[in-house]
Amino acid sequence: METAIRKNTGWRLFIQTILGRAYPRVVGMSREKSWLFFDIFLPMLSVSAYVFVYRAIGAPEEYIGFVVVGGAMTAFWMNILWSMSSQLYWEKETGNLALYIMSPTNLMAVLLGSLAFKVQYALGSFWQLLLVFFLAMTALYGMGMMTASLFLLLSREAWHIANLAQEPIYLVAGFYFPIKSFNFWVAAAASIIPLTLGLDAMRQLVFPSGPALGFLNVRVEIFILSGLAVLFITAARILLRKMERLAIREGRLTESRR
Amino acid sequence: MNLRSFRTAAWLGWKIESNWTDPFLFAVYSIIKPLAGAAILVVMYSVITKGDFAAPLFPYIYLGNAFYMYVGAVMTGVSWAIIDDREHYRTLKYMYVAPIRIPLYLIGRAVARFLTGSFSVLITIVFGALFLHVPIEAAQVDWLLFSVSLLMGVVLLALMGLTLAGVTLLLARHSDYLGDAVAGGLYLFSGAVFPLDVLPAWLRPIGYAMPITYWLELLRRSLVGSVAQAFPTLANLSNGQLLAILGGMIALAAVVAVITFRWCDHQARERGYIDRTTNY
């Protein structure tokens, strides 16, 4: 006698996909915990080095706080780059991508599932801080999904592009210094990366001298972040579908140009 | 067989690193990343000191950061080959059954990263000398000391990379570029971007125990001796003493690398890790 299998659809399938994709990651990470050392402890030491650079040049103490906040946010950017954007490339190389496409689910859910337990979150108590954090993360992960769709078409260059998008982004988004240090137009252009305004707003809300070093008013930054969140999530949805169709049409889903 | 393993691995590594795009894009890629990394420190320094690039601390930071690029490049080059071959190309088991020496193969795979790293270091230093007043004058440079120090440093980093490669044989692929992560961690203790005296007293012994500290000091002294000696940390040591300390540490690193790699390699064979794929 056959056992009846309950087939989910809609949001239930979406959630089921996230959990299903996250499952092997969670199991893998709990089986072998070297990531605690390599992904958490060592990056903390690396960020600490920037703290001591500021100490060496006699910077005011709040700059050290700026580095700590910026350093914590690098975890999210790395998460976007390696666990989301380049994820579809890695899935393609390991042969899983075609299986995901064949299954009756959504690539956005696959991407969200691939993120599980890869980030240490640090939230403040202030409601505005929470709002900024939430909006920045929503926009950022929307951006990650959007760029993942481009990675669907790429081959080995995806790896190098993700690698390239580290230091230049740390620089233009002001991870280790106030973005106001750049001229207005450079800072405005950098604001397309949600972490730029997210970091700037969080620093303004957390540090006493933050508002003086802030790029824009926090309310304006919250407004722009809301717009970016909507824009990136919508664009991700459209682009993932388009790129999936294009990749199928051009036969790139199982391609492996090694 | 040793030389053949090394040479073939170096050729393979170069193909993997460079042939994903056309030479122009590859050159742009090789320039943007290191310059952006250096620019972070330049902006940080400039914001606080109002652009006082003439102070001796600036070339200290700038050159230390530039040469530190070798640490991540070489260590990653050696250790990443394990993950790349085992989980991406799935060829590590074939390498193991081929008539090659695995440690030399792994070191050979790092040659490409060493070359691209050298390009990055060169670009960064030239940019600093041309636009940021880093006081390097070709006539003042102690080229012999520079060449010897650089060579010793590359050997040291290859040995550290081999140690990490051994450890990587036993690890799952949780993250990419473990070499960069380890280099990032050691960045704090090596005096690369600030004198060791800035560290709390209880952390300084770690810096003194690290060969990279002495290597960077030698490179700074060879390029801009006056700047390097403006900081008291290692000022009481002569160049000869620094070379002797570095040489001793390289010998120790070689012993550690050989023992660690052999042990990890044996463990990986016993546990069946050579052809495993992790972290789907």
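Everything below is about the structure printed above this text.
Computed from a predicted model, the values in this text were never measured in an experiment.

Each value, and the rule that gives it
- Residues numbered from 1 in each chain as written.
- Chains lettered and ligands numbered in written order.
- Predicted model: local features only at pLDDT ≥ 70, side-chain atom pairs only at ≥ 80, totals over all residues.
- Heavy atoms only, no water.
- Axes fitted to C-alpha atoms, helices over the stretch in contact; angles between N-to-C directions.
- Helix = DSSP H or I, 4+ residues; strand = E, 2+ residues; numbered from the N terminus.
- Parallel < 35°, antiparallel > 145°, perpendicular 65-115°, else oblique.
- Contact = heavy atoms within 4.5 Å.
- Nonpolar A, V, L, I, M, F, W, Y, C, P; charged D, E, K, R; others polar.
- 1 Å grid on protein atoms, 1.4 Å probe; cavity = no way out; pocket = protein on both sides within 12 Å on 5 of 7 lines; lining within 4 Å.
- Points joined across faces, edges and corners; volume = space filled by probe spheres on them.
- Phe/Tyr/Trp six-rings, centres within 6.5 Å; stacked < 30°, edge-to-face > 60°.
- Lys NZ or Arg CZ within 6 Å of the ring centre and 35° of its normal.
- Patch = residues over 30% accessible without salt bridge, like charges linked within 9 Å, V, L, I, M, F, W, Y side chains within 5 Å.
- Areas by Shrake-Rupley, 256 points an atom, 1.4 Å probe, with all protein chains shown as cover.
- Salt bridge = Lys/Arg side-chain N within 4 Å of Asp/Glu carboxyl O.
- Lys, Arg positive; Asp, Glu negative; His and termini not counted.
- Charge placed at Lys NZ, Arg CZ, Asp CG, Glu CD.
- Buried < 20%, exposed > 50% of the residue type's maximum accessible area, 1.4 Å probe, protein only.
- Arc of directions from axis to C-beta.
- Polar contact = N/O pair within 3.5 Å; in protein donor to acceptor, adjacent residues only side chain to side chain.

Draft legend 1. Quick peek at the packing of helix α3 (residues 57–88) of chain B against helix α6 (residues 111–131) of chain B. Residues and elements named next belong to chain B. Across the interface, α3 lies against α6 with an axial gap of 9 Å and an inter-helix angle of 170°. One way to sum up the angle between α3 and α6 is to call them roughly antiparallel. In this structure, α3 uses Tyr-62, Leu-63, Ala-66, Phe-67, Met-69, Tyr-70, Ala-73, Val-74, Thr-76, Gly-77 and Trp-80 to contact α6, whose residues at the interface are Arg-113, Phe-114, Gly-117, Ser-118, Ser-120, Val-121, Thr-124, Ile-125, Phe-127 and Gly-128. Broken down by class, the residue content of the contact of α3 with α6 amounts to 13 nonpolar, 7 polar and 1 charged.

Draft legend 2. Structural context of the layout of surface pockets. Residues and elements named next belong to chain B. Roughly 370 Å³ of internal volume is contained in the second largest pocket. Met-160, Thr-163, Pro-211, Ala-253 and Val-256 are the residues nearest the centre of the second largest pocket, which is lined by 15 residues in total. Those elements that provide at least two residues to the lining of the second largest pocket are α7 (143–169), α8 (178–187) and α12 (239–271). The element that contributes the greatest number of residues to the lining of the second largest pocket is α7, accounting for 5 residues. In terms of residue class, the lining of the second largest pocket is made up of 14 nonpolar, 1 polar and no charged.

Draft legend 3. Summary view of the packing of aromatic side chains. Scanning the model with the defined rule gives 24 aromatic pairs over all chains in all. With 5.5 Å between their ring centres and 20° between their planes, Tyr-70 of chain B and Phe-114 of chain B make a pair best called stacked. In this pair, Tyr-70 of chain B is assigned in helix α3 and Phe-114 of chain B in helix α6, connecting sequence segments 44 residues apart. By way of ring pairs, the aromatic residues Tyr-50, Tyr-170, Phe-175 and Tyr-176 of chain A together with Tyr-68 and Tyr-187 of chain B are connected into one cluster. When the ring centre of Tyr-60 of chain B is taken as reference, the NZ or CZ atom of Arg-220 of chain B above it lies at 3.6 Å. Of note, Arg-276 of chain B hangs over the ring of Tyr-273 of chain B, and the distance from its end group to the ring centre comes to 3.8 Å.

Draft legend 4. Summary view of a positive patch on the surface. Where like charges cluster on the molecular surface, the positive patch consists of Arg-237, Arg-241, Lys-242, Arg-245 and Arg-249 of chain A. Here Arg-245 of chain A lies in helix α13 (residues 218–249).

Draft legend 5. Expanded view of helix α5 (residues 102–109) of chain B. Residue and element names in this part refer to chain B. Buried residues of α5: Ile-102, Tyr-105, Leu-106, Gly-108 and Arg-109, and no others. The arc enclosing the buried residues of α5, seen along the axis, measures out at 160°, which places them on a common side. In this structure, the buried side of α5 is in contact with α1 (2–18), α3, α4 (92–97), α6, α7 and α12.

Draft legend 6. Representation of the interface of chain A and chain B. Listed per partner, the contact involves 48 residues of chain A and 51 residues of chain B. For the interface between chain A and chain B, the tally reads 1 salt bridge. In this structure, the salt-bridge partner of Glu-167 of chain A is Lys-33 of chain B, at a minimum N-O distance of 2.7 Å. Taken together, chain A and chain B are joined by 2 residue pairs in polar contact (both at pLDDT 80 or more).

Draft legend 7. Main features of the side chain of Asp-84 of chain B. Residue and element names in this part refer to chain B. Checked against the element boundaries, Asp-84 lands in helix α3. Within polar-contact distance, the side chain of Asp-84 engages the side chain of His-88 at 3.0 Å. Once you skip the residues sitting within four places of it in the chain, Asp-84 turns out to touch Ile-16, Tyr-89, Arg-90 and Arg-109.

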